[in-house]
Amino acid sequence: MELRDIMTSDIETCEPSTKITKVAGLMKSLGIGSIPVSENGELKGIVSDRDIVIRCVADGNIEGTVSDGMTLDPVTGTPDMTIDEAKKLMSEYQVRRLPVLDNGNVVGIVSLGDLAVKHEDNDKAGDALTEISKPL
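Residues numbered from 1 in each chain as written. Predicted model: local features only at pLDDT ≥ 70, side-chain atom pairs only at ≥ 80, totals over all residues. Heavy atoms only, no water.

### Points about the overall build of the protein
Broken down by element type, the protein carries 6 helices and 5 strands. Counting from the amino terminus, the protein carries its helices and strands in the arrangement α-α-β-β-α-β-α-β-β-α-α. A buried classification covers 38% of the 136 residues belonging to the protein. Across the protein, contacts joining residues at least 24 apart in sequence account for 57% of those joining residues at least 6 apart. When the accessible surface of the protein is summed, it comes to about 7,700 Å², and 47% of that surface belongs to carbon and sulfur atoms. (Helix = DSSP H or I, 4+ residues; strand = E, 2+ residues; numbered from the N terminus. Buried < 20%, exposed > 50% of the residue type's maximum accessible area, 1.4 Å probe, protein only. Contact = heavy atoms within 4.5 Å. Areas by Shrake-Rupley, 256 points an atom, 1.4 Å probe, with all protein chains shown as cover.)

So, in structure tokens, the structure goes:
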């Protein structure tokens, strides 16, 4: 099974110049925890709810932009990557969300939740969660 089979493809993106409060509101209304950051169609980073809290709010910066809190150059996958390859990549880099790129464009995102809910072998999700959650 490939990432294209389980990824969420109807995703929102934002630009580095988007206000933190706007992105946080978008996450809340969509019930999601991260949003890929792109500029002119090119992935620049990813911003998560945790990024916003740790890198912005905790420092008193609630008026800033996504560029103040986003993770630059995130680990990415491709639509034809296998579930096992994605699990290994996510474990190696300790990430819980994997933007999926096709020809440099964001076409989806895969999370540990996607592995757990959409993949028939839930042991893979448990294994991935165990590996990803290990202390560094």
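### A closer look at the side chain of Asp51
Tracing the sequence through the fold places Asp51 in helix H3 (residues 49–56). Within polar-contact distance, the side chain of Asp51 engages the backbone nitrogen of Ser48 at 3.0 Å. Aside from chain neighbours lying at most four places away, what touches Asp51 is Ile46, Cys56, Gly69 and Thr71. (Polar contact = N/O pair within 3.5 Å; in protein donor to acceptor, adjacent residues only side chain to side chain.)

### Considerations on unusual backbone geometry
In this model, Gln94 sits at a positive phi of 55 degrees, which is unusual for a non-glycine residue. Here Gln94 shows up in the loop between helix H4 (83–93) and strand E4 (97–102). One non-glycine residue, Asn103, lies in the positive phi region at around 55 degrees.

### As for the nonpolar core
One recurring pattern in soluble globular proteins is that nonpolar side chains are buried together. Counting residues in hydrophobic clusters, the biggest one holds 14 residues, and the most contacted among them are Leu3, Ile6, Met81, Leu98, Val110 and Leu115. Among the elements of the structure, helix H1 (3–6), H4, E4 and helix H5 (112–118) are those that each provide at least two residues to this core. Per-element accounting of this core gives the leading share, 4 residues, to H4. Apart from the residues within four sequence positions on either side, Met81 is in contact with Met1, Glu2, Leu3, Thr76, Ala86, Leu89 and Leu98. One finds Val37, Val47, Ile52 and Cys56 within the second-largest nonpolar core, a separate group that totals 11 residues. (Core = buried A, V, L, I, M, F, W, Y, C linked by side-chain atoms within 4.5 Å.)

### What about the pattern of salt bridges?
Scanning the model with the defined rule gives 3 salt bridges in all. One salt bridge connects Glu2 with Arg4, and the closest N-O pair in it is separated by 3.0 Å. Look at Glu2 and you get partly exposed, because its relative accessible area is 29%. Here Lys44 ties to Glu42 by a salt bridge, and the two come within 3.7 Å at their closest N and O atoms. Judged by its relative accessible area of 45%, Glu42 is partly exposed. (Salt bridge = Lys/Arg side-chain N within 4 Å of Asp/Glu carboxyl O.)

### So, helix H2 (residues 20–30)
If you check which residues of H2 are buried, you get Ile20, Val23 and Met27. Along the axis of H2, the buried positions cluster into a sector of 70 degrees, meaning they face one direction only. With respect to the buried face of H2, the exposed residues turned more than 90 degrees away are Thr21, Lys22, Lys28 and Ser29. Buried residues in H2 make contact with strand E1 (34–39), strand E2 (42–48) and H3. (Arc of directions from axis to C-beta.)

### Looking at the confidence of the model for the protein
Chain-level statistics for the protein give a pLDDT mean of 87 and a share of 85% at 70 or above. The secondary structure element of the protein with the lowest average pLDDT is helix H6 (residues 122–132), at 54, and the one with the highest is H2, at 96. (pLDDT = per-residue confidence, 0-100.)

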